[in-house]
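# Close look at the chain arrangement
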Amino acid sequence: MMHWAVQEQGVTLLHLLPRSEVLGEWALTDSARTYQGRDLYLFIDGGADLFMEYGFRQALAAEYHGHRNEVINLEIYEMADPGAACGVYSVRCGDDAIPMDIGQGASGHSYYIMFWKGNYYVSVSGSDSTPEVRKWLEVIARAIDRTLAGSEHLPSIHRLLSNENLLKWEYIRGSLGLSSVDVIDVRGLEGFSEGVAGTYKDHTIVYLRWSGSKEAARCFDDVGRTLKSDARFRNSTVRNGTLTAVEARGRVICLRQSESYIVLAVASGDSVARASCEEAARSIRE
Amino acid sequence: MIDRRKFVKSCVVAGAGVIVGPSLSRAFTRTSDSTKFELASVVGDRYFENTLKAVNELGGMQKFVRKGNTVGMLINNTMDNAGTFTNPDISLAVLAMCVDAGARQIFMIHPTSRRYWQRSAFLEKLRSEVEGLQYSDETIDVKIDRGKSLKTATISKCLMTCDVFINIPIIKDHKGTKYTCTMKNMMGGCSGSSCQRIHFGDSPGLLNMFKGYYSNVELLSQSIADVNLARQPDLCVVDATVILATNGPSGPGELRTPREVIAATNCVAADMYATRHLGLNWEDLLVIRYAQQHGYGPRSLKDVQIKAE
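Residues numbered from 1 in each chain as written. Chains lettered and ligands numbered in written order. Predicted model: local features only at pLDDT ≥ 70, side-chain atom pairs only at ≥ 80, totals over all residues. Heavy atoms only, no water.

## Some points on the pairing of strand β15 (residues 261-267) of chain A
Residues and elements named next belong to chain A. Across the 7 residues of β15, 7 count as buried, placing the element largely inside the fold. Across the two faces of β15 the burial is the same, with Y261, V263, A265 and A267 and I262, L264 and V266 all buried. For strand β11 (residues 203-209) and β15, the ladder comprises 7 bridges, and the chain directions are antiparallel. By the bridge assignment, L208 is partnered in β15 with I262. Counted along the chain from strand β14 (residues 252-258) to the antiparallel partner β15, the turn is 2 residues long, and its residue E259 has a positive phi close to 50°. (Buried < 20%, exposed > 50% of the residue type's maximum accessible area, 1.4 Å probe, protein only. Helix = DSSP H or I, 4+ residues; strand = E, 2+ residues; numbered from the N terminus. Pairing = 2+ DSSP bridges.)

This is the structure in structure tokens:
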């Protein structure tokens, strides 16, 4: 499901652009471009859906040129709420991210920095990864960070994840976000309102929440039927309320419904997957 | 002042060390009964030169473009982050070869910004050729009789009527179809309303707004295979030099650097070969499978004559 937020008339993101005095020899090329609502498809046709799924308001894109013809691309996305900004960041920040103290969550990569703060998701990327470009990526990111107001909390569903040995987590609001959790390719997991996925050393846990327990139960039944007929899975069984199957890569997937949630656990062994799933389901009831 | 013809020739000579020689080519050439599908790949850091070499391995641009021909070039050039757009060195090399082969008019099928060409160090040498490029937003309605989900499409008139159609995509990650390369790039030659129908079929517009562009990947994949029935490229030149492997198609995300330029005579063969760089098996990709069902691509890479380093 896609979400558009109503945009306040006349409020653009142009005021968030770093002032020229902090940019050294870097100069804005042409004028910054802004996109509202469905116009985002004009900017990132093919990439806009993820932002729409989380709740998108407007975006700003600007390009800066350095004195050696290097380029830095800045993209600022105003999302509908802090959860949307946090969610987009969580599924895009990647596995090789180096955490940075910018915004409420930031990661540095060889040629780009991305972060979120309040309702905003920001990416700053360079045309190369030279020390000069990387230095200015950070200058620009920090300048924008200073202009943004933060929010107090992470999405509350995040609390379901145990922090012990948590390698990374992703906040989900729809099928595109879910598809970013690369261990999960179960068909029929639809209609949930939000979710959170946590990656641990030996397993991955996903909590998906529906509007009520009946809706979650209906989806759980659908997934059970789908798994049985899906040639990519084998040995699909239900035991004590836990649905288990083995996926193509040999990993075991366990699903269990608990109140308005479905919990999924994926691990290389049956016992770890089952134990993780059952423990996660217990944590909801508690 | 060196002229274009001498410049292009000198580029080939300068990079001769990485030209695939006849003996090496044979060593890596898998031949089959079918010689219909040909593909050449050159790996290295000199993308302009390597594009010339890859096309030369297929017999040179004069095999595709005859004197007086009109040429349509479809370049994936709309995005800004690294690894998301076809390297302009590659596009400029194709342009230079078309001019040398005697093309009468060369059209950009998709509008191209000044910013795009400015990213290439070769622009200065080929500025007059770039300035001579033409663009028209005229479209025509095309009936696709064999289409399974897409029966008609509104497509660039240049694409449909040019003598030679050259598709110049980048291979990269894509949230919906898992990859985008030659076949999906064809959407860049379609009108906005046709692109919507490629995503959603004929279901009502308002409903689609809430379902999302990738709510039906099977339909999207089938429609991409269908729209390629309208016209297939005479030549494909694929950028697999620096490519986006995550957060596609817009990035930024993980970059991979295969440093490879691929030229191919068939769009399905090009995609089957190129998707390896994203760690994908082409057998798992619906766009390729549906194109194979239409019968316009090889059933296996064994059916493709591959010349690679």
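That covers the picture; the talk isn't over yet.
## Things to note about the packing of helix α11 (residues 217-227) of chain B against helix α13 (residues 286-294) of chain B
Residue and element names in this part refer to chain B. Between α11 and α13, the least distance of the axes is 8 Å, while the angle of their chain directions is 45°. Considering the angle they form, α11 stands oblique to α13. For the pair α11 and α13, the crossing hand works out as right-handed. Contact residues: α11 offers E218, S221, Q222, I224, A225 and D226, while α13 offers L286, V287, Y290, A291 and H294. Taken together, the residues of the contact of α11 with α13 sort by class into 6 nonpolar, 3 polar and 2 charged. (Axes fitted to C-alpha atoms, helices over the stretch in contact; angles between N-to-C directions. Parallel < 35°, antiparallel > 145°, perpendicular 65-115°, else oblique. Left-handed = near helix turned anticlockwise from the far one by under 90°. Contact = heavy atoms within 4.5 Å. Nonpolar A, V, L, I, M, F, W, Y, C, P; charged D, E, K, R; others polar.)

## Observations concerning the confidence of the model for chain B
Residues and elements named next belong to chain B. Looking at chain B as a whole, the pLDDT averages 87, with 84% of positions reaching at least 70. Contacts of residues 13-34 to residues separated by more than four positions or lying in other chains number 30 contacts, the stretch itself having pLDDT below 50. Across the assembled chains, the prediction reports ipTM 0.78 with pTM 0.84. (pLDDT = per-residue confidence, 0-100.)

## Quick look at the sheet that holds strand β3 (residues 105-108) of chain B
Backbone hydrogen bonds hold the strands of a sheet together, and the pairing may be parallel or antiparallel. Residues and elements named next belong to chain B. Spatially, the 8 strands line up as an open sheet ordered β4-β3-β2-β7-β10-β13-β1-β14, and their pairing is mixed. Of all the strands in the sheet, just β4 (134-135) and β14 (304-308) have a single pairing partner and so form its edges. Bridge analysis of strand β1 (residues 37-43) against β14 gives 5 bridges, and the strand direction is parallel. Residue pairing for β14: E38 is matched across the bridge by Q305.

## Comments concerning the pairing of strand β13 (residues 242-247) of chain A
Residue and element names in this part refer to chain A. β13 sits mainly inside the fold: 6 of its 6 residues count as buried. Both faces of β13 are covered, namely the face carrying T242, T244 and V246 and the face carrying L243, A245 and E247. Relative to β13, strand β12 (residues 233-239) is paired through 5 bridges, and the arrangement is antiparallel. Bridging across to β13, R239 finds its partner in T242. Linking two consecutive strands that pair antiparallel, namely β12 and β13, is a turn of 2 residues; a positive phi of about 50° is found at N240 within it. Where β13 meets β14, 5 bridges bridge the pair, whose relative direction is antiparallel. When the bridges of β14 are listed, L243 appears paired with L255.

## So, the interface of chain B and chain A
Listed as interface residues are 27 residues of chain B and, on the opposing side, 28 residues of chain A. Here chain B meets chain A over a buried area of about 2,400 Å², counting both sides, of which 47% is carbon and sulfur. Summed over the shared surface of chain B and chain A, the result is 3 salt bridges. Between E63(A) and R115(B) there is a salt bridge, with the nearest N and O atoms lying 3.0 Å from each other. The interface formed by chain B and chain A includes 9 residue pairs in polar contact (both at pLDDT 80 or more). Mapped by element, the contributors of at least two residues to the side of chain B that touches chain A are α5 (114-118) and α10 (205-211) of chain B. Sort the elements by how many residues they give to the side of chain B that touches chain A and α10(B) lands first, with 4 residues. (Buried area = accessible area lost by both parts, 1.4 Å probe. Salt bridge = Lys/Arg side-chain N within 4 Å of Asp/Glu carboxyl O. Polar contact = N/O pair within 3.5 Å; in protein donor to acceptor, adjacent residues only side chain to side chain.)

## Details of helix α9 (residues 192-200) of chain B
Turning to α9(B), its buried residues number three or more, namely S194(B), C195(B), I198(B), H199(B) and F200(B). Remark: G201(B) follows α9(B) within two positions and exhibits a positive phi of approximately 70°.

## Digging into the packing of aromatic side chains
Under the defined criterion, the tally for this structure stands at 9 aromatic pairs over all chains. With 4.8 Å between their ring centres and 15° between their planes, Y35(A) and F43(A) make a pair best called stacked. Taking the centre distance of 5.9 Å and the plane angle of 50° together, the rings of F51(A) and Y121(A) count as tilted. With F51(A) in helix α2 (residues 48-54) and Y121(A) in strand β8 (residues 120-126), this residue pair connects regions lying 70 residues apart in the sequence. Across the pair, Y121(A) and F51(A) agree in class, each one buried. Ring pairing ties together the aromatic residues F51(A), Y77(A) and Y121(A), which thus form one cluster. Taking NZ or CZ as reference, R119(B) lies 4.2 Å from the ring centre of F85(B), over its face. The residue whose ring lies beneath R276(B) is Y273(B), and the NZ or CZ to ring-centre distance is 3.9 Å. (Phe/Tyr/Trp six-rings, centres within 6.5 Å; stacked < 30°, edge-to-face > 60°. Lys NZ or Arg CZ within 6 Å of the ring centre and 35° of its normal.)

## Regarding the state of the cysteines
Residue and element names in this part refer to chain B. For the structure on display, the rule yields 0 disulfides over all chains. With no disulfide of its own, C158 lies 7.3 Å from the sulfur of C162, the closest cysteine sulfur. The exposure class assigned to C158 is buried, which follows from its relative accessible area of 8%. Between C181, a free cysteine, and C236, which holds the nearest cysteine sulfur, the sulfur-to-sulfur gap is 8.1 Å. Among the residues examined, C181 registers a relative accessible area of 0% and is labelled buried. (Disulfide = S-S within 2.5 Å.)

## Focus on the environment of F48(B)
Residues and elements named next belong to chain B. Looking at the secondary structure, you find F48 in helix α3 (residues 47-57). Accessibility expressed as a relative area gives 0% for F48, which makes it buried. A sequence separation of 179 residues divides F48 from V227, and the C-alpha atoms of the two residues are 30 Å apart.

## Comments concerning the pattern of salt bridges
Close approach of charged atoms lets side chains of opposite charge pair. Residues and elements named next belong to chain B. According to the stated counting rule, one finds 26 salt bridges over all chains in the structure shown. One salt bridge connects K157 with E138, and the closest N-O pair in it is separated by 3.6 Å. With K157 in helix α7 (residues 157-161) and E138 in the loop between β4 and β5 (139-143), this residue pair connects regions lying 19 residues apart in the sequence. Judged by relative accessible area, K157 falls into the partly exposed class, the value being 32%. For E138, a relative accessible area of 45% corresponds to the partly exposed category.

## Things to note about the sheet that holds strand β9 (residues 168-172) of chain A
All names here are of chain A. The 7 strands are arranged β9-β10-β11-β15-β14-β13-β12 in an open sheet whose pairing can be described as antiparallel. The open sheet has two free edges, formed respectively by β9 and β12, since each of these has just one partner strand. Taking each pair of neighbouring strands and ignoring which way they run, the sheet shows an average axis angle of 15°. Pairing of β14 with β15, which is carried by 7 bridges, proceeds in the antiparallel orientation. Each bridged residue has a counterpart across the sheet, and for L255 the counterpart in β15 is L264.

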